[in-house]
Structure formats: structure tokens, C-alpha cells
Amino acid sequence: YAARHAQTSPPSLSSPFFSCFFAMRVLCTLALFALCGHARAFVGVGPLALARGRSSLQLRERTAGVQLGLRMMGAEVDEKELIKVFGRMAEKTLFGDGSAGACCHSGCDNCEWRYSFDVLQSARPKWIPAYSSNKFDDGREHVAKWSSLFEDESTPITKEIFAEKLAGLKFDMPLGPPGYLTAKQADLSPSAVDLVWARLSNGKETVSVKQMSMRLRKMVMPGEDGVMWSDFLVSVMGDDDEEGGGGGGGGLDDLEEAIVVN
């Protein structure tokens, strides 16, 4: 009996068998908790967040397609033809930070407005304002030349309206591009208009005032209010590898813009 009992009795809690058993159980429990945590994290995203994720992915895919299309179109457009567009939209005046008007601009050390100006001016058109209008607290206001492409703030334009209204804007040879063109030499090229529209519309059929402003702003660095020739050329030709133009932050048409504008 003793021999049989010794063979059939369970091992003691201090035996190697129980040590391995408990160790495996602890590991399995931890693994299960980890899997449940991931599942809860995934399920916790919720339908709205998942929808936003899909929308963001779709926007990124569309952005990549637009970038590729811009590069292909840009390869077929002469740089000179883009000068004719820029010279119609660019201006000699640009409003910046209205609070900088209180600065004496004498180069004082530690002055927060040392390199900021309320109004910038140039002898020839130099900037496409990234705003449709900018009004200072003292009453001074600047309405961007390109805002005349729109009937009003709430009515978007199509490519056909854009081309028609753009052709009606006066051309002045801007600062930045090489050479010189007169107004008589500045008839618009349909291919150049199509290329600029593709950038500003991001592949959509219409563009609103707010969308135009946002996409112009994405052509420049954060904090800048005007698109210069170099910004315009790089962005429109599709040579900017970063999403969002010349460092403006975000893709051509990211999820934030879709929520704000649409």
C-alpha cells in the first residue's frame, strides 16, 4: 500500500512540477491580460474614431495622387507660364502683425517685434496674401487681389470661373522670377491655369474663399502671411516632398481642413 500510495499521491507544493506549473500559469495570465488590453484599446477607439481614421487614410491617399499628378503636369508647363499667373495674383502690399505697428523698428535688443512689421511694401508685386482680407484694430484694412475671383465669401468657384476671373486680373511683372514680361506678353496658358487650379483645388471641383486661403497658407512657413515667387513655384510644380507645401504643416487637404471647411 505504501508503495502504491507513493506512486499515486500528488507531488508536494515545493516540487519542481508545481513550480513549473505556477510559472506557466502566471505567464499565460499575463499574456491574456495583455491581449485583452490591446482588444480594449482597439474597441475603445469607437466607430467615430475609426471613421476618422479611414477618412484620414483616404485623404492621404488622395494627397499622394494629387502630388503625383502635379509633378506630371508640372513637367509639361514652362516656368514662364506660371509667372503670368503669379503676376496676376501677387501684390505690392502685405499686411502682417497689426501689433507690430507700435514698434519703432530701431533694432532694439529683446524687442518682440524687431523682425515683424505691420505692413510690408514692395516696388513690384511680391506676395500673394494668404488671407482674403486683413483688418487692423486701428481700422486699416487690406483686401487681397485674389478675393475678386469670388462673388462673395460663401460662394465657391469652379475651374472655369477661376480661369475666366484670373484672365481678367491685371498683370504686373512680379519680383522673384528672372527676366521681364509685359502685359501684352502675359496671355495665360490653359495648361498653367490647370496646374495652378489643381494645386489650389486639391482635386476637388470647387474651391471656397476659406479653402483658397488655407491652401495658400500651406505654401509658406508657419507665421508668414504672403506667398512669394519661390514658394509659389515649388508648391505648384509639385516639387515639395513634404506634405503641405513649403512647410505650412499638414497635407494639402488634411482631416482638420475637411472638418473645418466642409
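Refer to the preceding data block for the structure.
No experiment lies behind these values; they were computed from the predicted model shown.

K.L.:
Break down the overall build of the protein chain for me, citing the residues and quoting the values.
P.N.:
When you go through the protein chain residue by residue, the secondary structure sums to nine helices and eight strands. Relative to its 262 residues, the protein chain shows a buried fraction of 36%. Contacts in the protein chain between residues far apart in sequence, at least 24 positions, make up 71% of those at least 6 positions apart. Accessible area of the protein chain: about 15400 Å², with a carbon and sulfur share of 59%.

K.L.:
Just give me the short version of the environment of Q211, but keep the residues and values in it.
P.N.:
Note on placement: Q211 falls in helix 7 (residues 209-217). The class for Q211 is buried, based on a relative accessible area of 6%. In the structure, Q211 is positioned 55 residues away from P156 in sequence and 9.1 Å away in space, judged by C-alpha atoms.

K.L.:
Explain the packing of aromatic side chains to me, and be specific about the residues and the numbers.
P.N.:
Taken as a whole and assessed by the stated rule, the structure comprises six aromatic pairs. Relative to F136, the ring of F95 lies with its centre 4.5 Å away and its plane at 15°, an arrangement referred to as stacked. Taken as a pair, F95 in strand 1 (residues 93-95) and F136 in the loop between strand 4 (133-135) and strand 5 (141-143) lie far apart in primary sequence, 41 residues in all. Under the relative-accessibility criterion, F95 is labelled buried at 8%. Owing to a relative accessible area of 7%, F136 belongs among the buried residues under this scheme. Three or more aromatic residues joined by ring pairs form one cluster here, namely F86, W229 and F232.

The rules behind the values
Once a new chain begins, its residue numbering starts again from 1 and follows that chain's sequence as written. Confidence filtering applies because this is a predicted model: local features only for residues at pLDDT of at least 70, side-chain atom pairs given and counted only at 80 or more, and all residues used for totals across whole chains, interfaces and linings. Side-chain figures throughout are based on the complete set of non-hydrogen atoms in the structure, without hydrogens or water. Helix and strand definitions here come from DSSP, where helices need a minimum of 4 consecutive H or I residues and strands a minimum of 2 consecutive E residues; each element is numbered from the N-terminal end. Each residue is placed in one exposure class: buried if its accessible area under a 1.4 Å probe, protein chains only, is under 20% of its type's maximum, exposed if it is over 50%, and partly exposed if it falls in between. In what follows, residue pairs with any heavy atoms lying within 4.5 Å of each other are defined as contacts. The Shrake-Rupley method, run with a 1.4 Å probe, gives the accessible areas here. Residue values count only the displayed protein chains as cover. Planes of paired rings set the category: under 30 degrees apart is stacked, over 60 is edge-to-face and the rest tilted, where pairs are Phe, Tyr or Trp rings (Trp by its six-membered ring) whose centres lie within 6.5 Å.

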